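A closer look at the structure
These are the residues of each chain, in order.
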Amino acid sequence: SGKRFFACDNVSEFINEEDKEGLINEAAAAFELVLDSLLIDTENDPNSQGTARRLAKTYINELMAGRFDPAPDITAFPNEGDGTYSGMLVVRAELISMCSHHHQPVRGTCFIGIIPTKKVIGLSKYVRVAQWYARRGQLQEELTVQIANHIMKATESPNVAVYIEAEHGCMCNRGIGAFSSLTQTTVVKGEFENMNVKNEFFQQIQMQKRV
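Below is a short write-up of the structure.

Two numbers describe a pair of aromatic rings. These are the distance of the centres and the angle of the planes. Within the structure shown, the criterion is met by six aromatic pairs. Between the aromatic rings of Y163 and F202, the centroid separation amounts to 5.4 Å while the plane-to-plane angle is 75°, which identifies the pairing as edge-to-face. With Y163 in strand β6 (residues 160-168) and F202 in helix α7 (residues 195-209), this residue pair connects regions lying 39 residues apart in the sequence. An aromatic cluster is defined as three or more aromatic residues linked by ring pairs; in this entry it consists of F111, Y163, F192, F201 and F202. For the cation-ring pair, R136 lies above W132, with the distance from its terminal atom to the ring centre recorded as 4.6 Å.

Below you can see the structure in the form of structure tokens.
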């Protein structure tokens, strides 16, 4: 169809549940070849029997679920009248993602800040959106931008900030072996570009970390 299908893209409009089962079968066969190339006896080693299929199911149904599952439903509510909220809202989301370079796990925390305009969404929806984008092959920089753009579109608010801090398996488990390494990325839009508002956002983050 000409649609891009990078590791960080969603292709759910082309995939149904039957297709997903077919992808699992195909990936399981491929993982079996990988294990063979690693000289692992998958027939006689009880710890390796069925590993190829477990890997395939983990990739399709969990680690990369954000590629194959549609975006979470988001219901927006009016933010108008006497109860209009014009302050800052900060929501915390725990994330598990995967580095698209080395397919190593990425674990971290995402903080989403918003100053609403005419619409608000349920608190859990911020978390679901963040996790949906995380569950695919990602670069943290790109992930931060994707979450911010989606929240801005869903809420029709230009005032959004996203901060992510995460540990990357490609730093911890290979190469430099930096077990205490932490990567931080930030996107600020609208009023969050104002230094006072940005400072308040990070103060809120520090308060949440103490809880």
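Here we take up the nonpolar core. In this structure, L95, C110, I112, I147, I151, V162 and I164 are the most contacted members of the largest nonpolar core, which totals 25 residues. At the level of secondary structure, the elements contributing two or more residues to this core comprise β2 (89-99), β3 (105-114), α4 (123-134), α5 (140-155) and β6. Ranked by residue count, the leading element in this core is α4, at six residues. Setting aside residues no more than four positions away along its own chain, L95 makes contact with V106, R107, G108, C110, A130, Q131, A134, L143 and I164. Core analysis: the next-biggest nonpolar cluster, separate from the first, contains 13 residues, V11, A27, A28 and I60 among them.

Cut-offs applied
Position numbers for residues count from 1 along each chain, tracking the sequence in the order it is written. Thresholds applied to this predicted model are a pLDDT of at least 70 for local features of residues and 80 or more for the giving and counting of side-chain atom pairs; totals over whole chains, interfaces and linings are not thresholded and use all residues. Based on all heavy atoms of the structure, the side-chain values leave hydrogens and waters out of the count. To pair, rings of Phe, Tyr and Trp, with the six-membered ring standing in for Trp, must have centres within 6.5 Å; the planes then decide the type, stacked if under 30 degrees apart, edge-to-face if over 60, and tilted in the middle. Helix numbers and strand numbers start at the N terminus; a helix is a DSSP run of H or I with at least 4 residues, a strand a run of E with at least 2. Counted as over-ring charges are cases with an Arg CZ or a Lys NZ within 6 Å of the ring centre that also lie within 35 degrees of the ring normal. Only buried residues count toward a nonpolar core. Its members are Ala, Val, Leu, Ile, Met, Phe, Trp, Tyr and Cys residues joined through side-chain atoms within 4.5 Å. Three exposure classes are used, based on accessible area relative to the maximum for each residue type with a 1.4 Å probe and protein chains only: buried under 20%, partly exposed in between, and exposed over 50%. Note on contacts: a residue pair qualifies if any of its non-hydrogen atoms lie within 4.5 Å across the two residues.

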